[in-house]
Amino acid sequence: YRRISFFVVPCVGAFLALGGVIAAAIFQTGAFGLDDSRYVWGILAGTAVGLVPATLARLTASASYAMGDTRAPVRAATVRVVLAAGLGYVAATRGPGWLGLDLAWGAALLTAVSGSCAWLEFAMLRRMVGNLVGRPRIAAGQMGILAAAAAAAAGAGWLGSLAAAGGHPVLVAVAALAPFAAVYGALTLWAGIPEARQLVDRIRRD
């Protein structure tokens with residue numbers, strides 16, 4: 001869990017804070033304009049809701065398969081899919097009206113609901129695997145450090161994007177993502193996160 005979280009948590013921060021910058025750098029050419037980038041940002045932000053549990057659930061499911069229990073992952077995934085389909089339909093078709101948004105924003109609400117359902121799947125898998133070998137532990141303190149580092153990095157990236165505002169979308173993305181990566185790496189290294197040190201050592205060897 002710790003190693004996966006080290007890489008996934010900053011992705012959540014980047015999607016939430018800098019999703020528009022990322023979308024603009026990749027897509028914003030020709031007919032794809034600023035409003036379209038913001039729309040993609042909304043979808044990315046919704047996806048970010050379930051990014052951590054979705055990735056950790058895949059690892060937990062692999063552990064379940066390794067122990068010979070092939071039914072637990074299927075049951076948990078079935079619950080997630082059914083709930084995500086039902087609640088997602090309501091969120092996508094009714095949610096924008098309830099919130100006073102354009103119907104197109106239903107796609108962002110759909111990803112948010114689907115991400116929320118991933119938390120339930122992860123909780124179910126942890127319990128099922130826990131019944132066999134003990135519940136997998138999540139170091140709350142380390143997750144807090146990673147979240148704080150990602151939030152600080154997002155702030156630095158946001159300031160970088162403001163400094164480069166009006167420039168080419170790719171340049172704005174570089175101005176935002178470079179300080180984002182630097183701040184996240186520096187803070188996790190300072191906090192003594194093992195994965196940060198291992199990453200630095202690997203870069204030095206290469």
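One structure accompanies this document, and this report is about it. Source: prediction; values computed, not measured.

1. Overview of the packing of helix α1 (residues 2-27) against helix α8 (residues 169-190)
Turning to step 1, where the next piece is worked out: Here α1 crosses α8 at 160°, and the two axes come no closer than 10 Å. In terms of orientation, α1 lies roughly antiparallel with respect to α8. By crossing handedness, the relation of α1 to α8 is classed as right-handed. Along its contact with α1, which presents Ser5, Phe6, Pro10, Gly13, Ala14, Leu18, Val21, Ile22, Ala24 and Ala25, the element α8 presents Pro169, Val170, Val172, Ala173, Ala176, Leu177, Phe180, Tyr184 and Thr188.
Turning to step 2, where the next piece is worked out: Grouping the constituent residues of the contact of α1 with α8 by class yields 16 nonpolar, 3 polar and no charged.

2. Observations concerning a nonpolar patch on the surface
Turning to step 1, where the next piece is worked out: A cluster of nonpolar side chains, namely Tyr89, Val90, Trp98, Leu99 and Leu101, defines an oily patch on the protein surface of about 590 Å² accessible area.
Turning to step 2, where the next piece is worked out: Of all the elements in the fold, those that place two or more residues in the nonpolar patch are α4 (71-93) and α5 (95-99).
Turning to step 3, where the next piece is worked out: Residue position: tryptophan 98 is located in helix α5.

3. Description of the layout of surface pockets
Turning to step 1, where the next piece is worked out: Taken as a whole, the largest pocket holds about 410 Å³ of empty space.
Turning to step 2, where the next piece is worked out: For the largest pocket, the lining is made up of 18 residues, of which Gly20, Val21, Leu34, Ser161 and Val172 are closest to its centre.
Turning to step 3, where the next piece is worked out: Top element by residues in the lining of the largest pocket is α1. It accounts for 5 residues.
Turning to step 4, where the next piece is worked out: Among the residues forming the lining of the largest pocket, the class breakdown is 11 nonpolar, 6 polar and 1 charged.
Turning to step 5, where the next piece is worked out: Lining the second largest pocket are 16 residues, with Phe6, Ala181, Tyr184, Gly185 and Leu199 sitting closest to its centre.
Turning to step 6, where the next piece is worked out: Within the residue set of the lining of the second largest pocket, elements represented by two or more residues are α1, α8 and α9 (194-205).
Turning to step 7, where the next piece is worked out: Per-element accounting of the lining of the second largest pocket gives the leading share, 7 residues, to α8.
Turning to step 8, where the next piece is worked out: Residues belonging to the lining of the second largest pocket are distributed by class as follows: 14 nonpolar, 2 polar and no charged.

4. As for the environment of alanine 112
Turning to step 1, where the next piece is worked out: If you trace the backbone, alanine 112 turns up in helix α6 (residues 106-133).
Turning to step 2, where the next piece is worked out: Of the residues examined, alanine 112 reaches a relative accessible area of 22% and is grouped as partly exposed.
Turning to step 3, where the next piece is worked out: Separated by 62 residues in the primary sequence, alanine 112 and glycine 50 have C-alpha atoms spaced 7.4 Å apart.
Turning to step 4, where the next piece is worked out: Sequence-distant contacts of alanine 112, defined by excluding residues within four places in its chain, comprise Gly46 and Val49.

Calculation rules
Residues numbered from 1 in each chain as written. Predicted model: local features only at pLDDT ≥ 70, side-chain atom pairs only at ≥ 80, totals over all residues. Heavy atoms only, no water. Axes fitted to C-alpha atoms, helices over the stretch in contact; angles between N-to-C directions. Helix = DSSP H or I, 4+ residues; strand = E, 2+ residues; numbered from the N terminus. Parallel < 35°, antiparallel > 145°, perpendicular 65-115°, else oblique. Left-handed = near helix turned anticlockwise from the far one by under 90°. Contact = heavy atoms within 4.5 Å. Nonpolar A, V, L, I, M, F, W, Y, C, P; charged D, E, K, R; others polar. Patch = residues over 30% accessible without salt bridge, like charges linked within 9 Å, V, L, I, M, F, W, Y side chains within 5 Å. Areas by Shrake-Rupley, 256 points an atom, 1.4 Å probe, with all protein chains shown as cover. Salt bridge = Lys/Arg side-chain N within 4 Å of Asp/Glu carboxyl O. 1 Å grid on protein atoms, 1.4 Å probe; cavity = no way out; pocket = protein on both sides within 12 Å on 5 of 7 lines; lining within 4 Å. Points joined across faces, edges and corners; volume = space filled by probe spheres on them. Buried < 20%, exposed > 50% of the residue type's maximum accessible area, 1.4 Å probe, protein only.

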